[in-house]
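Fold and geometry: a report
Given next are the chains, with one letter for each unit.
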Amino acid sequence: MALRDGPGDERGPAGGRRGTGPRWWPRDCCRGLEGLDYGQVDVTAMAQLFGYVDMTDSGFIAAILSIAFNPFFWNVVARWEHKTRALSRVCGSPHTACYCLGTVILMLNCVRSHCFTEAMKSQPKLEGLDSHWAYCSGLVILAVGTLFVISSFLALGFTGTFLGDYFGILMEAKVTSFPFSVLDNPMYWGSTAVYLGWSLMHASPAGLLLTAVVAISYTIAVLYEGPFTEEIYRRKQKGAKNK
């Protein structure tokens, strides 16, 4: 699901809004990666991490599938609703339909978290992370991630968080308060931080790999949702000018 910062913004069941002006995320979002020499990347640590994880474990596979399915589901359903308004007709109003979809997304996120935790339990711990400092670091990261998720929800509201603009419930102004003042898509990256912290607290190499899958899935969601959401608000602004 996508979260936004305001008209022309992006948001999601784990994300944050963008601004009103022309902002092309597929280019801008990755500018910080320009100039990196990927030939200098040391893959030894990642290779060692894979050595601790049984990639064929059914619980690990279930966790990957649940992580990948969630953003796919909410994007497909939201775009279908935007095109057909079928959910709004069935539920009686756009607000009711948005609340129903948001509830389903929350339930799917609970399933994802359960699969994530069960996958960690079924895999061995990493001795180097099974320490007091790692546990405390994970706890701090989890707390920061939770702060971003909760503050994002409070800033956007339920419909602002759960794809309300796909239902025609558009925001009037860009959200610029915390945490959007310090980070784009804070709910997505806050959620990722929660999983990272949870993995460190459990000294779980499987959890760290699954956290990487979470980050990748949200990155793809941001690139996929951004231009579409911007187009929704562009049409709104064009319609307002023509009145």
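Now for a description of the structure that goes with this document. Once a new chain begins, its residue numbering starts again from 1 and follows that chain's sequence as written. It should be noted that, the model being predicted, local features are given only for residues of pLDDT at least 70 and side-chain atom pairs only at 80 or more, the latter also being counted only at that level, while totals for whole chains, interfaces and linings use all residues. To get the side-chain values, take all heavy atoms of the structure and skip hydrogens and water.

Right, let's get into the packing of aromatic side chains. In this analysis, rings of Phe, Tyr and Trp, with Trp reduced to its six-membered ring, are considered paired at centre separations within 6.5 Å, and the interplanar angle assigns stacked below 30 degrees, edge-to-face beyond 60, and tilted for intermediate values. Tallied over the full model, the rule gives 9 aromatic pairs. Aromatic side chains Phe-158 and Phe-162 sit 4.7 Å apart centroid to centroid with 40° between the ring planes, which places their arrangement in the tilted category. For the pair Phe-158 and Phe-162, a shared accessibility class is recorded, and that class is buried. Here the aromatic residues Trp-74, Tyr-188, Trp-189 and Tyr-218 are joined through ring pairs into a cluster of three or more. Cation placement over rings: the criterion is NZ of Lys or CZ of Arg within 6 Å of the ring centroid and within 35° of the ring normal. The cationic tip of Arg-79 hangs over the ring face of Tyr-224; the distance from NZ or CZ to the ring centre is 4.1 Å. We call a residue buried when its accessible area falls under 20% of the maximum for its residue type, exposed when it is over 50%, and partly exposed in between, using a 1.4 Å probe and counting protein chains only.

So, about the packing of helix H6 (residues 132–161) against helix H7 (residues 186–201). Interaxial angle, 0 to 180 degrees, is taken between N-to-C directions of lines fitted to C-alpha atoms, where a helix line uses only the stretch in contact. Per the convention used, a helix needs a DSSP run of H or I reaching at least four residues, while a strand needs a run of E reaching at least two, with both numbered from the N terminus. Where H6 contacts H7, the two axes come as close as 7 Å, and the packing angle between them is 155°. When the interaxial angle is binned, H6 and H7 end up roughly antiparallel. H7 is crossed by H6, and the crossing has left-handed handedness. Each residue is assigned to one class: nonpolar for Ala, Val, Leu, Ile, Met, Phe, Trp, Tyr, Cys and Pro, charged for Asp, Glu, Lys and Arg, and polar for all the others, Gly among them. Looking at the contact of H6 with H7, its residues break down into 16 nonpolar, 8 polar and no charged. In what follows, roughly perpendicular refers to angles from 65 to 115 degrees, roughly parallel to angles under 35, roughly antiparallel to angles over 145, and oblique to any angle outside these ranges. The hand of a helix crossing depends on one turn: near helix anticlockwise from the far one by less than a right angle means left-handed, and clockwise means right-handed.

By definition here, a helix of n residues has an expected span of 1.5 Å times n minus one. In this model, helix H5 (residues 94–121) (28 residues) spans 41 Å end to end at C-alpha, consistent with the 40 Å of a helix rising 1.5 Å per residue. Those residues of H5 that sit buried are Ala-97, Cys-98, Leu-101, Gly-102, Ile-105, Asn-109, Arg-112, Cys-115, Phe-116, Thr-117, Ala-119 and Met-120.

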